[in-house]
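Below are the chains, spelled out letter by letter.
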Amino acid sequence: MTSRAIVVLLGKQGAGKGTQCDRLSEHLGIPHVSTGDILRAAVRERSPLGQEVESVLAAGNLVSDDLVNRLVEARFAQPDAAPGALLDGFPRTPGQAEALDDLLGEDGIKVVIDLEVPSELVIERLSSRRVCQECAAIYKDSDVAAISGTCERCGGDVIQRPDDFPDAIARRLETYERDTAPLKEFYERRGLVVTVDGSRSPDEVTSDLIAVLRERGLA
Ligand code: AMP
C-alpha cells in the first residue's frame, strides 16, 4: 500500500511532458522526475554514469532498464518524493513498468496520462526546441534566450540537444512506437489511462491535466 501520488506521463518525445510536468509540479507540490534530465545532468557533470551513457543519449537510443530502474529507485528514496512524483520518460519499456510496480506496489500509480500529439507536430517541436544545459528550461529557437544562448531562469547555456537533430529524432520516435507505446495498453488493462490532446497550447493542456487530476482527488 502506498499513499503516494504517483502520476505517470506517457507521450512521444516532444509531446510536452517536460513542460507540463514542470507546471504540475508547482501546482501539486510534488517533484517532476525526468529520467532524461537525470541522465543529462550526469553527462554534463562527466560522472562515471554520465560517461557511460553519453553516446547512447546522443544517438537517441535507450539506456538499460537496470540502470534506469536503479536511478528511479534512488530518486524515490529522496525526501521530496515521499508525497509523490510526476514521472516523465519513465517507465519506457515493459521491464521498467514491472520494476515500477515492484517498487510501489500494484496500487502505487494513481493515473497514467497519455499526452497524444501527431508525429508531424512532435518533429516540428523537437527540431525547434532549445534547452538550458543547467536547469533544463525549455525554449523555442525563436525565443530571445535561444537566440542569445543564455537562460532567462538561471543564466546557463541554452543549446540544441544532440538528440534533437533529425536522425536522432527519427530513431527516438521509432523506439517510442516499439518499446513505449505498448505500455498504454498495459496500463489501460488496469483502468489507469486518461488520454489528453497535447497538440493544443500549453495553457489549454495544463487546464485539462489539472481537471483530470482533480477528478482523482490529486489536485
Ligand atoms: P528524454 O528527455 O525523456 O527524451 O530522454 C532522453 C534520453 O535519455 C533518451 O533518448 C534515452 O537515451 C535516455 N532515457 C531517458 N529515460 C529513459 C528510460 N526510462 N529508459 C531508457 N533510456 C532513457
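All values derive from a computational prediction rather than experimental measurement.

**Some points on the site of the ligand**
No. 1: Taken together, 17 residues lie near the ligand, and Thr-35, Asn-61, Gly-89, Arg-92 and Gln-96 sit nearest.
No. 2: Here a nitrogen atom of the ligand and a backbone polar atom of Gly-89 are 2.8 Å apart.
No. 3: Within the side chain of Arg-172, a nitrogen or oxygen atom sits 3.4 Å from an oxygen atom of the ligand.
No. 4: For the ligand, the accessible surface in isolation is 480 Å², of which the surrounding protein chains cover 96%.

**Some remarks on the pairing of strand E1 (residues 5-10)**
Consecutive side chains along a regular strand alternate between the two faces of the sheet.
No. 1: The buried fraction of E1 is high, at 6 of 6 residues.
No. 2: A two-sided burial pattern is seen for E1, the buried positions comprising Ala-5, Val-7 and Leu-9 on one face and Ile-6, Val-8 and Leu-10 on the other.
No. 3: Both E1 and strand E3 (residues 84-88) contribute to a ladder of 5 bridges, which runs parallel. Within E3, the residue paired with Val-7 across the bridge is Leu-86.
No. 4: Inspection of the sheet shows E1 paired to strand E4 (residues 109-116) by 5 bridges, in the parallel sense. The residue of E4 that forms the bridge with Leu-9 is Ile-113.

**Examining the packing of helix H2 (residues 35-45) against helix H4 (residues 65-76)**
No. 1: Relative orientation of the contacting elements H2 and H4 amounts to 100 degrees, with a least axis distance of 11 Å. Here H2 is positioned roughly perpendicular relative to H4, judged by the angle of their axes. Contacts between H2 and H4 involve Thr-35, Ile-38 and Leu-39 from the first element and Leu-67, Val-68, Leu-71, Val-72 and Arg-75 from the second.
No. 2: Among the residues making up the contact of H2 with H4, the classes are represented as 6 nonpolar, 1 polar and 1 charged.

**Observations regarding the nonpolar core**
No. 1: Counting residues in each nonpolar core, the largest one holds 26 residues, and the members touching the most others are Phe-76, Leu-87, Leu-100, Ile-109 and Tyr-187.
No. 2: Those elements that place two or more of their residues in this core are E1, H2, helix H3 (48-59), H4, E3, helix H5 (94-104), E4 and helix H9 (182-188).
No. 3: A total of 5 residues in this core trace back to one element, the largest contributor, which is H4.
No. 4: Beyond its immediate chain neighbours, meaning those up to four positions away, Tyr-187 contacts Pro-91, Ala-97, Leu-100, Ile-109, Val-112, Leu-192 and Val-193.
No. 5: Counting 25 residues, the second largest nonpolar core, distinct from the first, contains Ile-113, Leu-126, Leu-173 and Ile-210.

**So, the confidence of the model for the chain**
No. 1: Taken as a whole, the chain shows an average pLDDT of 94; of its residues, 99% reach a score of 70 or greater.
No. 2: The least confident element of the chain, judged by mean pLDDT, is strand E6 (residues 138-140) at 92; the most confident is strand E8 (residues 193-197) at 98.

**Quick word on the pairing of strand E5 (residues 129-132)**
No. 1: The two faces of E5 match: Arg-129 and Val-131 on one face and Arg-130 and Cys-132 on the other face are all buried.
No. 2: Here E5 runs beside E6; their pairing, made up of 3 bridges, is antiparallel. By the bridge assignment, Arg-129 is partnered in E6 with Lys-140.
No. 3: The loop that links E5 with its antiparallel partner E6 comprises 5 residues; one of these, Ala-136, has a positive phi angle of about 70 degrees.
No. 4: Of the pairings in the sheet, the one linking E5 to strand E7 (residues 158-159) comprises 2 bridges and is antiparallel in character. The partner of Cys-132 across the bridge, within E7, is Val-158.

Rules behind the numbers
Residues numbered from 1 in each chain as written. Predicted model: local features only at pLDDT ≥ 70, side-chain atom pairs only at ≥ 80, totals over all residues. Heavy atoms only, no water. Near = heavy atom within 4 Å. Polar contact = N/O pair within 3.5 Å; in protein donor to acceptor, adjacent residues only side chain to side chain. Areas by Shrake-Rupley, 256 points an atom, 1.4 Å probe, with all protein chains shown as cover. Buried < 20%, exposed > 50% of the residue type's maximum accessible area, 1.4 Å probe, protein only. Helix = DSSP H or I, 4+ residues; strand = E, 2+ residues; numbered from the N terminus. Pairing = 2+ DSSP bridges. Axes fitted to C-alpha atoms, helices over the stretch in contact; angles between N-to-C directions. Parallel < 35°, antiparallel > 145°, perpendicular 65-115°, else oblique. Contact = heavy atoms within 4.5 Å. Nonpolar A, V, L, I, M, F, W, Y, C, P; charged D, E, K, R; others polar. Core = buried A, V, L, I, M, F, W, Y, C linked by side-chain atoms within 4.5 Å. pLDDT = per-residue confidence, 0-100.

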